[in-house]
Amino acid sequence: MKKYVSVLLLLAVLFACLSHSLHKQKPELLIDRLTKEFIQVSDMADGNDIRLVHMQAGSFSKNNADELFATFQLCNTPHTGGLDSKVIALFSNNLKCLSYQMLPGDSVDIYHLSALNNKNYLLVSMISVNQGIETQTLAMYQITESRFKNISADFLNLPENTFAAFAGNDTLFIYKKPLDNPNMQYDKQQITIETILKWDENGQFITVSS
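Notes on the structure follow. The shown structure was predicted, so the numbers you read here are calculated from the model rather than taken from an experiment.

1. A word on the pattern of salt bridges
Step number 1: Here the structure, examined in full by the defined rule, presents 3 salt bridges.
Step number 2: Residues Glu 145 and Arg 147 are paired through a salt bridge, measuring 4.0 Å at the closest nitrogen-oxygen approach.
Step number 3: According to the relative accessible area criterion, Glu 145 is exposed, its value standing at 60%.
Step number 4: By relative accessible area, which is 36% here, Arg 147 ends up partly exposed.

Okay, structure coming up:
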C-alpha cells in the first residue's frame, strides 16, 4: 500500500494532539492500521483502492471523547462510481472504526461546521457529470453518538440547473447557471443568485437573502 508524504506530514503535526497510546505509533503504521480497520468494517476487500487523505484528532461526537476523524479517497473507481468518491469515518482512540459514510461523486468537498455546546456538523457537496451535464447533491451530517446523523433541510434539495457554493465566511450561495450550456465558461454577471444562507451557531443555516 502506498504511503503518501502529504499525509505523513499532516500526521506529524497532529501527533502533539493525539492521545498517549496513539502517540507511540509511527505515522506510517497509524495510516496502515486505520486503513485496514476501515476495510474490515466496510467489507472493502482491495485495500490498494483506498487511500487515507485526511485525519484529525479531537472530540467530535461528544464532549471529552478521544476520537479520530478520517477521510479516505476511493481510487481507481469507474466513472459511474464517481471519480472523486470519498468516505468519512470516525475512530475511537484504540483505532476501532465507530461509523463511516460513503460520499460518491466526481467532485466531492467536505466542510466542517461548529456550533454551540461543541457540536460538530459536516456540509458535503457532491458533483456528478453525466454526458457533460453537471448535477450537484448536498448533504449535511451531525457527528453525534459516535455516528454520522443525516440532517434534513429544504435548501439541500437543489432544483435542476441549481448549484451551491460555500464561502469561507460560513456563507452558502444557492445560484443558477446560464441555461444555454451551463458547463461552459461564463461571466459572473450571468450567474443568478437565488438564496444566500448563513451558518448559525445554533447548528443550522439561516436564510439572509432570497
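That was the structure; now back to the text.
2. Description of the sheet that holds strand β10 (residues 171-176)
Step number 1: The strand order β9-β10-β11-β12 describes an open sheet built from 4 strands, whose pairing is antiparallel. Pairing within the sheet leaves two strands with one partner each, and these edge strands are β9 (162-166) and β12 (204-209). Strand-to-strand twist of the sheet, defined as the mean angle between neighbouring strand axes without regard to direction, takes the value 30°.
Step number 2: In this structure, strand β11 (residues 192-200) lies alongside β12, joined through 5 bridges in antiparallel fashion. Bridged to Ile 196 within β12 is Ser 209.

3. Side note on the nonpolar core
Step number 1: Within the largest apolar cluster, 18 residues are counted, with the highest numbers of intra-cluster contacts made by Leu 34, Phe 38, Ile 50, Leu 52, Leu 68, Phe 72 and Phe 91.
Step number 2: When residues of this core are traced back to their parent elements, those giving at least two are α3 (27-42), β1 (50-58), β2 (67-74) and β3 (86-92).
Step number 3: Among the elements that make up this core, the one with the highest residue count is α3 (5 residues).
Step number 4: Grouped together as the second largest cluster of nonpolar side chains are 16 residues, Leu 113, Phe 166, Leu 172 and Trp 199 included.

About the cut-offs
- Residues numbered from 1 in each chain as written.
- Predicted model: local features only at pLDDT ≥ 70, side-chain atom pairs only at ≥ 80, totals over all residues.
- Heavy atoms only, no water.
- Salt bridge = Lys/Arg side-chain N within 4 Å of Asp/Glu carboxyl O.
- Buried < 20%, exposed > 50% of the residue type's maximum accessible area, 1.4 Å probe, protein only.
- Pairing = 2+ DSSP bridges.
- Helix = DSSP H or I, 4+ residues; strand = E, 2+ residues; numbered from the N terminus.
- Axes fitted to C-alpha atoms, helices over the stretch in contact; angles between N-to-C directions.
- Core = buried A, V, L, I, M, F, W, Y, C linked by side-chain atoms within 4.5 Å.

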